[in-house]
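Single-letter residue listing:
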Amino acid sequence: MSTEDVYALMARSLELPYGEARTVLVEDALRRAEAAGDEVLAFHVRVRLTDAYRYGGEPAKAFATFGRTLADHDRDPARFDETHSLLWQMKAAVSSLTLFPEIPLDRTYAVLDDMERRYKTGGHSLQAVYHYRNVVARHIGDSSADEWFVKWRTAERDELSDCEGCDPTGMVRHLVENGRHEEAFETAAPVLSARLSCNEQPQSIRTALLPVYLRMGRLEEAADAHRRAYRVHRSRLADLGDVAEHLEFCAVTGNEARGLEILQRHLGWLDRAPSAHADMEFSAAAALLLRRVEEAGHGAATVRRPAAGDRPVADVALPELRAELAERATALAARFDSRNGTSHQGDKVRATLEAEPVADFLPLAPHHRRAAQAGSPAQTGSTAQTGSTAQAGSTAQDDSTGEDDLAAVDDLGELLERVEQRRRAGDLPGMLAAFRRFDAVAETTEPTPLQKARRLDGRGVELAVEGDGRGAAACWEEAVARYAELGEETRRHRALGRLGAMRVDLGDEGGLEQVVAAAEHLAAQPGEDGDATAALLRLATAQIRFDRPAEALAALDRIDPGDDPSRAGELWFVRGQALLLAGDVDAGVTALRRSADAARASGEPETVASPALLLARTLARRDEGPDEEVFALLGEVIAVLPGPSPMRAAAHGDRGLAFLAADRPADAVADLVEAIAAWTAEGLHEQAVHFRVDLAAAYLATGRHLEAAEAAEEALPSLDDDTARRCRLILAHAQKEMGEEEAAETFAALAEDAARDGQHDAVAHFLEEAAGVLTALDKDALAAARFAEAAEAHEKAGDPYGLVRTRRRAAMCLLWSGDREEAATAIETARAALTGLPPDNEPARVWETALVSYDQARILAQAGRLDEAADHAAAAADGFTALDETGAAEEATRLRDDIKAAQE
């Protein structure tokens, strides 16, 4: 075995995040070092393997490697000389020993004593020793924790103290356990604004501060800390205990849905938990969360548990899983307490299981709202309710309207007359109030058969308002039959029209025949003024539902404007819809303008909402895009609708999209947030999902990268392929801007999608983006591989410039990764690709050739081939000079001079 293989494996491991893949590489490197018989090299690899086990979620394995390296060092300190690393790793050994109940506590104390001895011998501060004595004391619930805390806090820091983020994090945890939240906040404050390079920061201190923020009422900071910290923890098995804290946070802040997502994502980690203590913490927090979900009325839900060993994948009933996890946490706590001789871990688990909400609901983002409770009435705007298309999505009104002036009315006939009066006036709440009074009186006074039929007819209206279309249709069908038995033909056809319209709303084309029959009868034999207009409007609307604009216009042409002048605005609105459907946009716009004008003049400003919204949508679709009139119309819709409603949500959404189309993303954010929140509050998640993608785009365009990533991630699970690709692209760019390595994976996934569609140019672009992310993170060997793949895609796409560029960048990444020979070979492939550049663009050819020459000079100089390197540097300088690229020419000249100086 060659030691070069060991160094290569270690170099590759450094480009991977801590986890199984990185650990496997280091383990392989150790085997090769041992096989080569190089004890010193094996020692150094073993030290790195201890870190890989710890940060990769396998701390139990680190005991063996740490013990071996410490023994080697003690045997021959001069030969095995990583003294600082070993003293540093002792801290992790101490804290890890507490995490496994099968390890006697005496062993932990022995390591602590050995640590103190070694620190003293080396002349180091005991600050870190006091810190970890505090950790052990806190774990068992010993009062000496306070004493060690004071010593820890007052001792002088040195190079073996935890980093400037981890040290205060430990102090925060001590203070939180003692209820000293304000002091904890003051301790952490300076760290939050510091730039920390530690693998565990700043996510660990943000997680530790969650209860501090909640107890101090700093709720926005709590939400921000949760979002930012969990984003890092979620990919690290070693952080399962931290994930548990985020589960508990969700459970006590009314974010049960978010908590369930987290639980579902990490439940499988319990089968490979990094420690018994992390297992216990996660199980307890998960059981708490599931209890809160049950208490919110969702006990019938299930949770998908992944397969493990002989256990198959299964959907586990929520109460069953809650009980299992609670028992698991309690049993583990008992093992710890038995080992420790205290009840402290059991007390903590019981406190978690019994925790109560700290906040009723803490929104984690501006667009987060609680969904409507199951069974809440939905606003339907059904044409069946009042006889025509509802012009303004009805807003929630005070159902007590009209109750007081009905309390003294005991005559059923008079109450039904009140119903009719309020129906004609468009007073839906008042009409429903009259029906309620009718029901109360009917408990002691028997209604006549006609009164019963009319009440059944009214019950259909109530159900339609509540969103129960099928229930409404059933009531109207029975009412039609009763009216027929009573010979009430006018009332029968009114109810028949409502029944048919509801069936049309439900997608049943057979309802159209009933609407036609009702319209024909009421147009010929109206019972009162307005009957014909209502029936023909209902018919026109039904024809529009089935994409029959000509028939709709024919029905509208039969309406006598003098029959019911109050419905002129509605008539123009339906005509506008029909004209747009027929393709006559100009006439449709004119009709909608007249409808809006009529609504504004009616004294009922909310009725302008429907025509104004449709007009705004129509104008926004013009080639020139949305203009100020569009924004004014949408603003008017929002202004005239006083409370939450689907139409108001739609107007916010449309205005947000219009702002995006007008390249005003900052303005778009507020409207898109309102649209998503409104749809979510109504329980209409499908509508909210697509707006989340647009919100993510707006956030990305305004530099709010975390918000963009989170909005995209919320939307992705519910999207179809085409929209999902756009969403993943937004996510990839947000991740890239935040410096997250996951961006490379997201771009690579987009490349795979494009490859399936044969889009080689897109494949090349996404792979090049992925490579750019990796090289920016100094993952140069991985970046080189992605650039090489991008080069292949550029070649398939017939892009000679992309081919040269990506081969050249692959070569440079190989150089930065330490593989000079491969870099020299790769740059030759870039030079060979120059021959494929188009001959009709000489400046571009000269530029690309000069870039290749410049980078080839750098590579060959590093490889010790100075003569060749100098020639290429000179060629690069000449090329840049020919293009008047002064800065680049000067840099190439400096490189040539440096190479020549090295030759002397």
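Residues numbered from 1 in each chain as written. Predicted model: local features only at pLDDT ≥ 70, side-chain atom pairs only at ≥ 80, totals over all residues. Heavy atoms only, no water.

**Examining helix H18 (residues 344–353)**
Structural remark: α-helix, 3.6 residues per turn; residues separated by three or four positions point the same way.
Then comes step 1: Residues of H18 that are buried include every one of Gln 345, Gly 346, Val 349, Thr 352 and Leu 353, and no others. The arc enclosing the buried residues of H18, seen along the axis, measures out at 125 degrees, which places them on a common side.
Then comes step 2: Looking at the buried residues of H18, the elements they touch are helix H7 (127–140), helix H14 (240–252), helix H16 (276–298) and helix H17 (318–340). (Buried < 20%, exposed > 50% of the residue type's maximum accessible area, 1.4 Å probe, protein only. Helix = DSSP H or I, 4+ residues; strand = E, 2+ residues; numbered from the N terminus. Arc of directions from axis to C-beta. Contact = heavy atoms within 4.5 Å.)

**Structural notes on the side chain of Arg 454**
Then comes step 1: Take Arg 454: it is sitting in helix H22 (residues 449–466).
Then comes step 2: If sequence neighbours within four positions are ignored, Arg 454 has contacts with Leu 416, Glu 417, Glu 420, Phe 435, Tyr 483 and Arg 491.

**Digging into a negative patch on the surface**
Then comes step 1: Among the surface-exposed residues, Glu 4, Asp 819, Glu 821 and Glu 822 lie close enough to one another that they form a single negatively charged patch.
Then comes step 2: Position of Glu 4 relative to the elements: it lies in helix H1 (residues 3–14).
Then comes step 3: A relative accessible area of 62% means that Glu 4 is categorised as exposed. (Patch = residues over 30% accessible without salt bridge, like charges linked within 9 Å, V, L, I, M, F, W, Y side chains within 5 Å. Areas by Shrake-Rupley, 256 points an atom, 1.4 Å probe, with all protein chains shown as cover. Salt bridge = Lys/Arg side-chain N within 4 Å of Asp/Glu carboxyl O. Lys, Arg positive; Asp, Glu negative; His and termini not counted. Charge placed at Lys NZ, Arg CZ, Asp CG, Glu CD.)

**With respect to the packing of helix H5 (residues 83–97) against helix H6 (residues 105–121)**
Then comes step 1: Relative to each other, H5 and H6 sit at 160 degrees, their axes nearing to 9 Å. Put simply, H5 runs roughly antiparallel to H6. Classified by chirality, the crossing of H6 by H5 is left-handed. Touching Leu 87, Trp 88, Met 90, Lys 91, Val 94 and Leu 97 of H5 are Arg 107, Thr 108, Val 111, Leu 112, Asp 114, Met 115, Arg 118 and Tyr 119, all from H6.
Then comes step 2: When its residues are assigned to classes, the contact of H5 with H6 shows nine nonpolar, one polar and four charged. (Axes fitted to C-alpha atoms, helices over the stretch in contact; angles between N-to-C directions. Parallel < 35°, antiparallel > 145°, perpendicular 65-115°, else oblique. Left-handed = near helix turned anticlockwise from the far one by under 90°. Nonpolar A, V, L, I, M, F, W, Y, C, P; charged D, E, K, R; others polar.)

**So, the environment of Arg 138**
Then comes step 1: Looking at where Arg 138 falls in the secondary structure, it is placed in helix H7.
Then comes step 2: Classification of Arg 138 by relative accessible area gives buried; the value is 12%.
Then comes step 3: Here the alpha-carbon distance between Arg 138 and Phe 149, two residues 11 residues apart in the chain, equals 9.9 Å.
Then comes step 4: For Arg 138, the residues in contact, after removing those within four places along its chain, are Ala 145, Gly 170, Arg 173, His 174, Glu 177 and His 344.
Then comes step 5: Side-chain polar atoms of Arg 138 contact the side chain of Glu 177, separated by 3.2 Å. (Polar contact = N/O pair within 3.5 Å; in protein donor to acceptor, adjacent residues only side chain to side chain.)

**A short note on the pattern of salt bridges**
Then comes step 1: The final tally for this structure, using the stated rule, is 87 salt bridges.
Then comes step 2: Between Arg 68 and Asp 72 there is a salt bridge whose closest N-O contact spans 3.4 Å. Placement of the pair is Arg 68 and Asp 72 together in helix H4 (residues 59–75), with a separation of four residues, close to one helical turn.
Then comes step 3: Given a relative accessible area of 6%, Asp 72 falls into the buried group.
Then comes step 4: Notably, a salt bridge pairs Arg 567 with Glu 570, separated by 3.2 Å at the nearest N-O pair.

**What about the nonpolar core?**
Then comes step 1: Grouped together as the largest cluster of nonpolar side chains are 92 residues, with contacts concentrated most on Met 115, Tyr 119, Val 172, Leu 247, Phe 249, Leu 263 and Phe 282.
Then comes step 2: Top element by residues in this core is H16. It accounts for 12 residues.
Then comes step 3: Beyond its immediate chain neighbours, meaning those up to four positions away, Leu 247 contacts Gly 259, Ile 262, Leu 263, Phe 282, Ala 285, Ala 286 and Leu 289. (Core = buried A, V, L, I, M, F, W, Y, C linked by side-chain atoms within 4.5 Å.)

**Describing the pairing of strand S1 (residues 302–305)**
Then comes step 1: The alternating pattern of S1 places Val 303 and Arg 305 on a buried face and Thr 302 and Arg 304 on a face that is not buried.
Then comes step 2: The pairing of S1 with strand S2 (residues 314–317) spans four bridges and is antiparallel. Bridged to Val 303 within S2 is Val 316. (Pairing = 2+ DSSP bridges.)

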